[in-house]
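# Structure assessment
What follows is the residue order along each chain.
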Amino acid sequence: MSFTFLDKTSEAAIIAKAEAFVKQELGNDSSGHDWWHIYRVTNNARKIALAENANLFICELAALLHDIADEKLNVSKEAGLQKVKNWLAENQVPETEAAQVLEISGTMSYNGGKNQPMQTQEGRIVQDADRLDAIGALGIARTFAYAGHKGHLMHNPNLAVRTEMTKEAYRNGESTAINHFYEKLLKLKDLMNTRTGQEMAEQRHAFMETYLNQFYHEWEATA
Ligand code: ADP
Ligand code: NI
């Protein structure tokens with residue numbers, strides 16, 4: 001059975017249960033999807049949703065659940081989406097909201113830039129919230145952590161930046177932390193969906209440019 005209307009107390013209860021579920025599912029992940037990534041993305045989503053007058057409950061819930069269905073953390077994308085679907089049903093999230101959250105989970109990830117656009121304002125907000133955690137000081141930290149996790153070098157001046165790549169190549173091909181800035185991070189500012197997201201991205205983007213500049217100077221001892 002599912003309810004058709006949620007009051008604020010029921011919404012808060014669902015959000016609290018989603019937090020507990022995500023902590024349990026992603027707690028030990030070391031590929032950049034640990035609980036604290038979810039915490040930061042949810043904070044970003046809340047901030048953007050308030051500024052853009054969007055549905056706060058959908059944005060928070062979708063942000064909390066956005067990595068549960070990630071292909072990398074499941075046997076398949078379908079299996080991941082089924083997990084989210086089951087959780088929404090078990091926790092009495094009404095059908096309309098559940099459908100929106102599920103749709104957001106299914107279209108979110110970057111996939112080398114190959115995904116279709118988000119269908120709803122809430123989807124655009126959660127995608128911006130996730131992208132903000134991939135840039136700036138945090139994005140830099142996550143990129144080096146991910147490169148270490150994959151056994152990649154932090155920098156190899158002889159390895160060319162990939163301009164065109166398939167989803168599979170983006171995921172599994174050879175790269176370095178520094179090349180990832182050009183293959184993804186520096187592109188994100190212009191892909192932001194919302195005005196608020198765009199504004200938040202500006203400063204983080206500028207920080208990455210400053211960082212790269214310093215990195216190359218130190219690399220060549222010209223600093
Ligand atoms: P999400 O699905 O949360 O957008 P990803 O799973 O694509 O993130 O990646 C997790 C983190 O690792 C992100 O900060 C991302 O930018 C970074 N990352 C992804 N691929 C690479 C790579 N080849 N080299 C370095 N960092 C990467
Ligand atoms: Ni994420």
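Quick summary incoming for the structure in this document. (Residues numbered from 1 in each chain as written. Chains lettered and ligands numbered in written order. Predicted model: local features only at pLDDT ≥ 70, side-chain atom pairs only at ≥ 80, totals over all residues. Heavy atoms only, no water.)

This next bit is on the packing of aromatic side chains. Taken as a whole and judged by the stated rule, the model has nine aromatic pairs. Taken together, the ring pairs connect Phe144, Phe181, Tyr211, Phe215, Tyr216 and Trp219 into an aromatic cluster. Directly above the ring of Trp35 sits Lys23, whose terminal nitrogen or CZ lies 4.9 Å from the centroid. (Phe/Tyr/Trp six-rings, centres within 6.5 Å; stacked < 30°, edge-to-face > 60°. Lys NZ or Arg CZ within 6 Å of the ring centre and 35° of its normal.)

Taken together, 13 residues lie near ligand 1, and His33, Lys72, Tyr146, Arg171 and His180 sit nearest. Measuring from an oxygen atom of ligand 1, one finds a side-chain N or O atom of His180 at 2.8 Å. For ligand 1, the protein covers 98% of the area, taking 550 Å² as the surface of the free molecule. Looking at the shell around ligand 1 element by element, the count peaks at three residues for helix H7 (residues 136-150). For the shell around ligand 1, the class distribution of residues is two nonpolar, five polar and six charged. (Near = heavy atom within 4 Å. Polar contact = N/O pair within 3.5 Å; in protein donor to acceptor, adjacent residues only side chain to side chain. Areas by Shrake-Rupley, 256 points an atom, 1.4 Å probe, with all protein chains shown as cover. Helix = DSSP H or I, 4+ residues; strand = E, 2+ residues; numbered from the N terminus. Nonpolar A, V, L, I, M, F, W, Y, C, P; charged D, E, K, R; others polar.)

This part is about the nonpolar core. The biggest cluster of nonpolar side chains holds 51 residues, and the ones touching the most others in it are Val22, Leu61, Leu65, Trp87, Leu88 and Phe181. Listed by contribution, the elements that provide at least two residues to this core are helix H1 (8-26), helix H2 (35-52), helix H3 (56-65), helix H4 (77-90), helix H5 (95-107), helix H6 (121-132), helix H9 (177-183) and helix H10 (195-219). Take this core: its biggest share by element is eight residues, from H3. Once residues within four sequence positions are removed from consideration, Trp87 is found in contact with Ile14, Lys17, Ala18, Phe21, Leu61, Leu65 and Val93. (Core = buried A, V, L, I, M, F, W, Y, C linked by side-chain atoms within 4.5 Å. Buried < 20%, exposed > 50% of the residue type's maximum accessible area, 1.4 Å probe, protein only. Contact = heavy atoms within 4.5 Å.)

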